[in-house]
Amino acid sequence: MKIRMTDSRAWVLGLSAFALGATLLQQGAQAADSGKLTYFTWSGYELPQFHGDFEKAHAGQVDISVFGDDDDALSKARAGFHPDLAHPCYDKLDRWKQAGLIQPLDPKRLKNWDQIFPVLQKLPGIVDADGKVWMVPWDWGNTSILYRTDLVKNPEATWKMFFDPASPYAGKMATIDAVHDTPLVAALLAGVDPFKKMDDKQLEKVGAMLRQQRPLMSSYTTDMTSVEQSLASGELVAAMAWNASATALKKQNVPVAFMKPKEGMLTWVCGMVMLKDAKHVDLAYDFINARMNPESGASLINEYGYGSASEAAFKQVPAAKLEELSLPNDPETMLRDTVLTKPIPSNDELAKLFERVKAGG
Amino acid sequence: MSRYLTRHWLVGYVAAYLVFLYLPTLLIPVFSFNDSIAPAFPLKGFTLQWYQSLMDDPRLRNAALNSLVVASTAAAIATAAGCLIAYADLRRSSPLARGISLLARLPILLPGVVLGIALLVGVNLIGPGPSLGAIVVGHVCFCLPTTVVVMRSRFAVFPRSLEDAAMDLGADEWTTFRRVALPLALPGLLSAFMLAFITSFDEFIVAFFLVGTEPTLPIYIWSQLRFPKQLPSVMALGTVILVVSVILAALAEHLRRRGTRSSANSTMK
Amino acid sequence: MSRSHAEVPADMTLSVTQPPRRSRARVFDALLNLPGGLITCTLILFALGLLLYMSLRVNDGQIIGSAFSLDNLWSALTDPLTRLVLLRSIVLSAIVTLATVVLAFPVAYFLAFRAGRWRHLLLFLVTLPFWTSYLLRVFAWKIVLAYNGVLNSALMQLGVIDAPLNGLLNTPSTVVITLAHAYAAFAVLPLYICLQGLPKNLFEAAADLGAKPYQGFFRVVLPLSVPGILSAALVVFVPTVGDYVTPALVGGPNSSMIGTLIQAQFGKANDWPAGAALAVISMIAIAIVVVAARWIITRWSTRT
């Protein structure tokens, strides 16, 4: 008994000593490298091919922290996480500004600023009156209804498909669990402008529309992995998804189509911001410039199927590939028919309303 | 006869329970060899490409290693602290001990997001900031309720008479603790460690707030859900973890058997 | 130290050794309480304090908000949504806890009393599935319960159904099954170590006193295993009440739990004081449920 006890205790003690030592060693290693740039971005965007030139000039000088949701990212930044650069989306830009977390950038230090599509440069809030840049757009994409062409015969091209009380597809549709997607569409269909502050009556209208939608939805989700699989298996016949999912499923020979609703697809834009107390400003500019290279943008298009904010990047991708990705190479024209996800003034109220409706209240 | 039937029934039940536990779990290795991005039946052919991509991409591996280190450390500290707190509460009851025991069990009621934010504010005030060390601290808080509850129930089952007898025979508190209470509590310690390890290994809400630039495994997986391409590689990693656990446990069992055999041999001499 | 005790005659130990013994005991107690006290008094009290503080502030985008107000607590308390979701969470978790503990008890019993030399192997087998990441196991359940998943395929092969069942995923039942699976070890282990600590000759003693085997179980073993049952129930119930990940992945809209609501306040709605207030209310509610359940179960077990 004594020896068995010693064996097990020795194991526990040994393991914990090893663990403690390893942790401390790692901590020591990290502390010694505090001259590194910290970049806080979406999971999947930390690949070194997106900042190739930075790697050549300053090898290994960047530490990347990832998030899966930019609401969580804002919470973490507000709670005291201080990266140098972050990568939120355009509709959340006001929140980051209001929380006092970011500082504007000097456009003279941004090497490829002119290669960005003008329509994106001119978005309200991106550049302020003094000409200083608050966010450097980097990527964009479209959100729409992805549906099975063999299971949904010739649907009318409208978002109303997700809100039709008499829909034959009730329980076989899914929508995205994000304020700038589902409630935004509900607002559009309810005749409320989501990009202006909403009063209580307008919120009620949006709420009514959302409640009308609820029985039709099998889930509200951000798990695109499962959504794609459910569409492939036929468990879902239609889902709100991003254009990359459309491409992925078509590649797997699943008969799907990415709807062009008459109210317009949703277009999202995301980009880089610099935090107010950034410690490595020079490295930050180098990093942004590296990501603004055409090669980096082309890599994004080829790898994930999302649009790059850089016009020069599009020129590097052959037209056939763009056709395959069903990615328009002119966001200016595209944005005439789509709804750009701008900052939503009543975002917080909509969020609470959305949670209430989802929970059944 | 009825005792035979009872025994038979119980064995069958345990077997069925194991099937319930393993049915989903065994799907993970199955689909890690499947030649398709979507883990769905029918199977599409055997491939090692997901293991290959696992070897090529260090991010997933590093995340798993980080989780391992964090979980072992946090579980060890939480188990040790939990044992001491439970012992102080049940055997050496003072208002202080009881208060600490109660406080230690409260984090289980806190939502992860609250604990995460509070601790992030805390570690920023003190200085080190988000890092794996901060996650260890957060997970110690998070796992402490489990270890305290488990150790309390273990100490509650054993009567004090054994320890009182030891004290009557002249042992001081430290010796009693070390040589009477601890050995009796050992299965509880191991169980508490295991549960704390599992809790920490799977936890990613508190970890998200406290993580610096080295993600832990569940943080990595959760953030990758938007990218369906990664799922089979994650399943390959899960299989690797399973296999490594089996090897480690078999090794531990082998050493344990050798330990008891050598003690048996030595006593026989 | 023990040597000096042995040398002093028994009737003199009281007067000669009491002062040093008491101060040694005090040192021991102090050291015993030190790690726990350190962790709890610094980190846990700080977290609780911050939570309470935040819940009393007005939201203005800053961490700590501005001005004190009871509005958040009051609206969280009186909002019918809170009651709806809290009730749903508690009921769902209670079902999960009941299912998990009841299903785990025979296994723990078998491990403690009947397993013999297979005990270690079985313990290992029971805990092995939990070394894979929890998220992977949830995905595995999705594979089992999916439209073209294992269960549907099997049922169709057996001819039980003609078309795949669509209602297996994204329902509260899915959440119950997934959580019961995910927390199985958390029920088996505490039950096992409690049962294993009971004296082995309980059954013999009961039989000697004339009890039949099932009476021996229900009237001797079961009441004595109550601390184990309570601790198993606690470590299953409380975490599942606050869980928002499982409902988000497999639950569908009807499984929205209180954790989902709180998380949304902190994240999507950017209203930390409201989230903190909701967390305080739910903490108190859960604590009441736990204390009440413990009281009821302990009273029931001492009565039998």
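Residues numbered from 1 in each chain as written. Chains lettered and ligands numbered in written order. Predicted model: local features only at pLDDT ≥ 70, side-chain atom pairs only at ≥ 80, totals over all residues.

Colleague: Which residues make up the domain arrangement of chain C, and what values do they have?
Modeller: All names here are of chain C. Under the domain assignment used here, chain C contains domain 1 (1-55) and domain 2 (72-303). Computed over C-alpha atoms, the centres of domain 1 and domain 2 are 36 Å apart. Counting from both sides, the interface comprises four residues of domain 1 and, opposite them, eight residues of domain 2. Here the residues of the side of domain 1 that touches domain 2 are counted per class, giving three nonpolar, one polar and no charged. (Domains from an automatic or database assignment. Contact = placed C-beta atoms within 7 Å. Nonpolar A, V, L, I, M, F, W, Y, C, P; charged D, E, K, R; others polar.)

Colleague: Residue-level account of the interface of chain C and chain A, with values.
Modeller: Listed by partner, the interface residues are 25 residues for chain C and 31 residues for chain A. For the side of chain C that touches chain A, the secondary structure elements donating two or more residues are α4 (80-114) and α14 (258-266) of chain C. Residue contributions to the side of chain C that touches chain A peak at four residues, all from α4 of chain C. (Helix = DSSP H or I, 4+ residues; strand = E, 2+ residues; numbered from the N terminus.)

Colleague: Tell me about helix α6 (residues 132-157) of chain B, residues and numbers included.
Modeller: Residue and element names in this part refer to chain B. With 26 residues, α6 should cover 38 Å at 1.5 Å per step; its first-to-last C-alpha distance of 37 Å lies within 8% of that length. For α6, the principal kink sits at Cys143 and spans about 40°; a proline, Pro145, occurs within the next four residues. Counting buried positions over the 26 residues of α6 gives 25, a clear majority of the element. (Expected span 1.5 Å × (residues − 1). Bend = angle between axes of the 7 residues up to and from the residue. Buried ≥ 20, exposed ≤ 12 C-beta atoms within 10 Å, placed from the backbone.)

Colleague: A description of the interface of chain B and chain C should follow, citing residues and the corresponding values.
Modeller: Bring the parts together and some accessible area is lost; that lost area is often taken as the interface size. Listed as interface residues are 79 residues of chain B and, on the opposing side, 81 residues of chain C. Among the elements that line the side of chain B that touches chain C, the one with the most residues is helix α1 (residues 2-32) of chain B, at 14 residues. Here the residues of the side of chain B that touches chain C are counted per class, giving 61 nonpolar, 10 polar and eight charged.

Colleague: Would you mind going over the environment of Val221 of chain C in detail, with residue names and values included?
Modeller: Structurally, Val221 of chain C can be placed in helix α11 (residues 213-224). If we ignore the near neighbours within four places in the chain, the residues touching Val221 of chain C are Leu198, Leu202 and Gly216 of chain C.

Colleague: Give me the pairing of strand β7 (residues 217-221) of chain A: which residues, what numbers.
Modeller: All names here are of chain A. Counting buried positions along β7 yields five of five residues, so the element is predominantly enclosed. As paired elements, strand β6 (residues 173-176) and β7 share four bridges and run parallel to each other. Note on β7: the bridge partner recorded for Ala174 is Ser219. (Pairing = 2+ DSSP bridges.)

Colleague: An account of the packing of helix α3 (residues 58-91) of chain B against helix α8 (residues 173-202) of chain B is requested, with residue identities and associated values reported.
Modeller: Residues and elements named next belong to chain B. The contact between α3 and α8 brings their axes to 8 Å, and the two run at 140°. By the angle between their axes, α3 is oblique relative to α8. Crossing of α3 over α8 shows right-handed handedness. Across from Ser67, Val70, Ala71, Ser72, Ala74, Ala75, Ala76, Ala78, Thr79, Gly82, Cys83 and Tyr87 in α3, the residues of α8 making contact are Phe177, Ala181, Ala185, Leu189, Ala192, Phe193, Ala196, Phe197, Ser200 and Phe201. Taken together, the residues of the contact of α3 with α8 break down into 17 nonpolar, five polar and no charged. (Axes fitted to C-alpha atoms, helices over the stretch in contact; angles between N-to-C directions. Parallel < 35°, antiparallel > 145°, perpendicular 65-115°, else oblique. Left-handed = near helix turned anticlockwise from the far one by under 90°.)

Colleague: Mind laying out the pairing of strand β5 (residues 136-148) of chain A, listing which residues take part and the relevant values?
Modeller: All names here are of chain A. Burial of β5 is extensive: 12 of the 13 residues sit out of reach of the surface. As defined by bridge partners, β5 adjoins strand β10 (residues 266-275) across seven bridges and the pair is classed as antiparallel. Across the sheet, residue Thr143 finds its bridge partner in β10, namely Leu266. Across two bridges, β5 lies against strand β11 (residues 307-308) in antiparallel orientation. Residue pairing for β11: Asp139 is matched across the bridge by Ser308.

Colleague: Tell me what's going on with unusual backbone geometry, and back it up with residues and numbers.
Modeller: All names here are of chain A. In this structure, Asn253 takes a positive phi of about 65° despite not being glycine. With respect to the helices, strands and loops of the structure, Asn253 is situated in the loop between α9 (243-251) and β9 (256-258). By the C-beta count within 10 Å, which is 8 here, Asn253 ends up exposed.

Colleague: Break down the nonpolar core for me, citing the residues and quoting the values.
Modeller: Counting residues in each nonpolar core, the largest one holds 290 residues, and the members touching the most others are Leu119 of chain B together with Leu51, Ala108, Val188 and Leu191 of chain C. It is α3 of chain B that contributes the most residues to this core, 20 residues altogether. Those residues in contact with Val188 of chain C that lie beyond four places of it in its chain are Ala104, Val107, Ala108 and Val126 of chain C. (Core = buried A, V, L, I, M, F, W, Y, C linked by C-beta atoms within 7 Å.)

Colleague: Can you explain the confidence of the model for chain C? Please cite residues and give values.
Modeller: Residues and elements named next belong to chain C. Looking at chain C as a whole, the pLDDT averages 82, with 90% of positions reaching at least 70. The lowest-confidence element of chain C is helix α1 (residues 2-7), averaging 46 in pLDDT; the highest-confidence one is α4, averaging 92. Low pLDDT, under 50, characterises residues 1-18; the stretch is placed with 10 contacts to residues that sit more than four places away or in other chains. Interface confidence for the predicted complex, expressed as ipTM, amounts to 0.82; the pTM equals 0.84. (pLDDT = per-residue confidence, 0-100.)

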